[in-house]
Amino acid sequence: MKIYDVIIIGAGPAGMTAAIYAIRANMSVLLLDRLSPGGQMVNTNEIENYTGTGKINGAELSMQMFEHTQELGVEFDYKTVRGIRDNGSTKSILCEEEDTVYETRTIILATGTVPRKLGVTGEENFSGSGISWCAICDGAQYRDKDVVVIGGGNSAVEESIYLAGITTSLTIITMFNLTADPKACDQLRSLPNVTVHPYQDILEFTGDGALDGVRFKSTKEDDTEQHVRCDGVFEYIGLEATSESFENLGITNKFGFIEVDDEMSTSIKGIYGAGDITHKKLRQIVTACSDGAIAANSAAKYVESLRA
Ligand SMILES: Cc1cc2nc3c(=O)[nH]c(=O)nc-3n(C[C@H](O)[C@H](O)[C@H](O)COP(=O)(O)OP(=O)(O)OC[C@H]3O[C@@H](n4cnc5c(N)ncnc54)[C@H](O)[C@@H]3O)c2cc1C
């Protein structure tokens, strides 16, 4: 059976950049994804902060990155990885499709995250067209409009401060009280166009064709129901790490994110993490690409050391 130098799991910006750096380091490379290449970028309407591209549609940037990997000869396959076995100097990757097993000297895990969702009525309908999980990316679409932010933690509060600067009104609906840093909460509360509704449960997103509001209910004894009209909703109720397929390796923290050092190495020799799946502060395309490049460079050095 062929033993690859590196198998990269996840063809988002981290995985695709890792593939480019790995093949240019003369490694044999296999890039796997269960979905179309691009990761979260595929579902992003407009990306405005990736260096050099200006405003670009996420699917278009995904295709450009993928074409770059293909021009360099990276092997890609649609596979869902369901398990990883560390055999020391080689590793086995088990896939759902026909129980395929691949052998490799190194692995770069670039499986990203998925935004935690509420799972209430209307959420699926308006996902990506009315409901967003990224204010930096989609906030500009709601300039001079009315917006609801769901959540009360640091991300929700920080993104609300940013959004309140461009929207007509901003309403925060949160299950508890605001739990973000007190300074940030004070700053938010001081803004004239912000209303906070603490201790609320979201019941549904309303709208006939287009999103027009959010219905919610108090978690306190009075049980009062309210409806807020809005043009857009941003959900910040957390990110979920996509790490179920390698939980057994013991390289993740209690939230499922991979702990890496500054070379993107995990605690297992030959296994690296890159992009949003790692424990980090800024989850963006540019930081995912940077991680991918570093991880591939580290993997190449490790493969070289195996050959020496
Ligand atoms: C709505 C939205 C808008 C955004 N807009 C911007 C923006 O404008 N600018 C910006 O810089 N950032 C933006 N971001 C953040 C950015 O998309 C992420 O930081 C980036 O995509 C992370 O890249 P990644 O490669 O680490 O992971 P991902 O993009 O999440 O890719 C991970 C890939 O791994 C695959 N995968 C997972 N598990 C498995 C498995 N078991 N087997 C096989 N494949 C698997 C997934 O299918 C996916 O393709 C946005 C995010 C969202 C949600």
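Residues numbered from 1 in each chain as written. Predicted model: local features only at pLDDT ≥ 70, side-chain atom pairs only at ≥ 80, totals over all residues. Heavy atoms only, no water.

This part covers the overall build of the chain. Each helix and strand in the chain was counted, giving seven helices and 19 strands. Taking 19 Å as the expected radius of gyration for a compact globule of 308 residues, we find that the chain reaches 21 Å, a close match to that expectation. The dimensions of the chain, computed from C-alpha atoms along their principal axes, are 70 × 40 × 40 Å. Considering the chain as a whole, with its 308 residues, one finds that 52% of them fall into the buried category. For the chain, restricting intrachain contacts to residue pairs at least 6 apart in sequence, the fraction spanning at least 24 positions comes to 56%. Surface accessibility of the chain: about 14900 Å² in total, with carbon and sulfur atoms responsible for 47%. Seen as two clouds, the 26 positive and the 44 negative side-chain charges of the chain have centres 5 Å apart. (Helix = DSSP H or I, 4+ residues; strand = E, 2+ residues; numbered from the N terminus. Rg over C-alpha atoms; globule rule 2.2 N^0.38 Å. Buried < 20%, exposed > 50% of the residue type's maximum accessible area, 1.4 Å probe, protein only. Contact = heavy atoms within 4.5 Å. Areas by Shrake-Rupley, 256 points an atom, 1.4 Å probe, with all protein chains shown as cover. Lys, Arg positive; Asp, Glu negative; His and termini not counted. Charge placed at Lys NZ, Arg CZ, Asp CG, Glu CD.)

Partitioning the chain into domains gives domain 1 (3–115 + 239–307) and domain 2 (123–235). If you average the C-alpha positions of domain 1 and of domain 2, the two centres end up 33 Å apart. Taken together, the seven residues of domain 1 in the interface contact six residues of domain 2. Taking both sides of the interface into account, the surface hidden between domain 1 and domain 2 amounts to around 460 Å²; carbon and sulfur atoms contribute 53%. Where domain 1 meets domain 2, there are zero salt bridges. At the surface where domain 1 touches domain 2, the tally comes to zero residue pairs in polar contact (both at pLDDT 80 or more). Grouping the constituent residues of the side of domain 1 that touches domain 2 by class yields one nonpolar, four polar and two charged. (Domains from an automatic or database assignment. Buried area = accessible area lost by both parts, 1.4 Å probe. Salt bridge = Lys/Arg side-chain N within 4 Å of Asp/Glu carboxyl O. Polar contact = N/O pair within 3.5 Å; in protein donor to acceptor, adjacent residues only side chain to side chain. Nonpolar A, V, L, I, M, F, W, Y, C, P; charged D, E, K, R; others polar.)

On to the nonpolar core. In this structure, Ile 8, Met 27, Val 29, Leu 31 and Ile 108 are the most contacted members of the largest nonpolar core, which totals 34 residues. When contributions to this core are tallied by element, the ones reaching two or more residues are β1 (3–9), α1 (13–24), β2 (29–33), α2 (58–71) and α7 (285–307). The element best represented in this core is α7, accounting for nine residues. Residues in contact with Ile 8, not counting those within four places in the same chain, are Gly 15, Ala 18, Ala 19, Val 29, Leu 30, Leu 31, Leu 32 and Ile 108. Counting residues in hydrophobic clusters, the runner-up holds 21 residues, among them Tyr 4, Leu 32, Ile 93 and Ala 241. (Core = buried A, V, L, I, M, F, W, Y, C linked by side-chain atoms within 4.5 Å.)

Around the ligand, 30 residues are found, and the nearest of them are Asp 33, Gln 40, Asn 49, Cys 137 and Asp 276. In this structure, Pro 13 approaches the ligand through a main-chain N or O atom, which is 3.3 Å from an oxygen atom. At 2.8 Å from an oxygen atom of the ligand is found a main-chain nitrogen or oxygen belonging to Asp 276. When isolated, the ligand has an accessible area of 1000 Å², and the protein chains bury 95% of it. Elements represented by at least two residues in the shell around the ligand include exactly α1, β3 (46–47) and α7. Broken down by class, the residue content of the shell around the ligand amounts to 10 nonpolar, 14 polar and six charged. (Near = heavy atom within 4 Å.)

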